Amino acid sequence: MSRDIQIAGLQKVSLIDYPGKICATVFLAGCNLRCPFCHNASLVLPERERAAISEDELFEFLTRRLGLLDGVCVTGGEPLSSPGALRLLGKIRGMGYAVKLDTNGTFPERLSAAIGGGLVDYIAMDIKNSLRKYPETTGTADFDIGNIIESADAVMSSGVDYEFRTTVVKELHTLDDISQIGVWLSGAEKYCLQAFCDSGDLIQSGFHGVTAGEMEMFAETARRHFKHVCIRGID
Ligand code: SF4
């Protein structure tokens, strides 16, 4: 198994991870951030590391599913924190699969290389919070916000389908934060608000989702700035 990536999980079919496509979802271990509300702590914290599957096993599976799946979602953790992420994206893309990349936006050079190399067909970039609240929201005191601004610019000018998305946490997000995000990313095609829910695999406890009514107020604020706003995770 190659050591430049660690594949921590494979969801063999998903109807929700890649908009409009039936996909498999590949989870890469490792992340450079420590968002306290992270619901995939076992992908992020080495001490909670999951068993890995080998790259050979992944590609044997993807070979068997050619023609049955439309695409592959590569997520994490933070996929681009793995040195071999671009190699993996290229290998999957080379099989003819559409590739969706989920990213936290902290690796603008790797993201631009993936875009420039034609390795991705859809990018979902997390917008953790308004710019000033990134350190608190990512659990990273010395956060370099320049990387996020650079990545967001690269996504918006990429010509690749994309969405920005925020997981809304009662203790971390206000209407003013959503308004500031809207001003920052004004004109972006698609912005999704995702309801936080406790997966039981959090980095830190004590966080809560917002009500359906509160989420609608967040969406209303976002609609002043974005062409298309979606809400996920609220019944
Ligand atoms: S929420 Fe995403 S960016 Fe934050 S620690 Fe978890 S995997 Fe990393």
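Structural data are supplied above this passage.
Here's a quick rundown of the structure. Within any chain, residue numbers begin from 1 and follow the written order of that chain's sequence. With pLDDT at 70 or above as the cut-off, local features in this predicted model cover only qualifying residues; side-chain atom pairs require 80 or more to be listed or tallied, and sums for whole chains, interfaces and linings still use all residues. Only hydrogens and water are set aside when side-chain values are computed; all heavy atoms of the structure are taken into account.

1. Focus: the state of the cysteines
In this description, a disulfide is simply a cysteine sulfur pair whose atoms lie within 2.5 Å. This structure, assessed with the given rule, holds one disulfide. Here C192 engages in a disulfide with C230; their sulfurs sit 2.1 Å apart. Because the sign of the S-S torsion sets the handedness, a value of about 120° for the bond joining C192 and C230 places this disulfide among the right-handed ones. In this pair, C192 sits in strand 7 (residues 190–195) while C230 sits in strand 8 (residues 228–232), placing the two residues 38 residues apart along the sequence. Unpaired in this structure, C23 has its nearest cysteine sulfur neighbour in C73, at a distance of 5.5 Å. Classification of residues uses two cut-offs on accessible area relative to the type maximum, computed with a 1.4 Å probe and protein chains only: under 20% is buried, over 50% is exposed, and between them is partly exposed. Exposure remark for C23: the relative accessible area of 0% places this residue in the buried category. Under the scheme used here, helices are H or I runs from DSSP no shorter than 4 residues and strands are E runs no shorter than 2 residues, and both carry numbers assigned from the N terminus.

2. A look at the pattern of salt bridges
Here, a salt bridge means any side-chain nitrogen of Lys or Arg that lies within 4 Å of a carboxyl oxygen of Asp or Glu. Going through the model one piece at a time under the given rule, you end up with 16 salt bridges. For K91, the salt bridge goes to E55, with nearest N and O atoms at 2.8 Å. On the criterion of sequence distance, the pair formed by K91 in helix 3 (residues 85–94) and E55 in helix 2 (residues 55–64) is long-range, its members being 36 residues apart. Note on E55: relative accessible area 6%, which makes it buried. D102 serves as the salt-bridge partner of R165, at 3.5 Å between the closest nitrogen and oxygen. Here R165, found in strand 6 (residues 161–168), pairs with D102, found in strand 4 (residues 98–103); they are 63 residues apart in sequence, far enough to count as distant.

3. Observations regarding the sheet that holds strand 3 (residues 71–75)
Taken together, eight strands build an open sheet; the order of strands is 1-2-3-4-5-6-7-8 and the sheet is mixed. If you trace the sheet from one side to the other, it starts and ends with strand 1 (7–14) and strand 8, each paired once. Ignoring which end each strand starts from, the neighbouring axes of this sheet average 20° apart. Pairing between strands is defined by DSSP: at least two bridges between them are needed. Sheet topology note: the strand 5 (residues 122–126)/strand 6 ladder contains five bridges and is parallel. Bridge pairing in strand 6 links M125 to F164. Any pair of residues with heavy atoms lying within 4.5 Å of one another is described as a contacting pair. Between N-to-C directions, angles cover 0 to 180 degrees, with each direction set by a line fitted to C-alpha atoms, over the stretch in contact for helices. Helix 2 rests against strand 1, strand 2 (23–28) and strand 3 of the sheet, and its axis sits at about 10° to strand 1.

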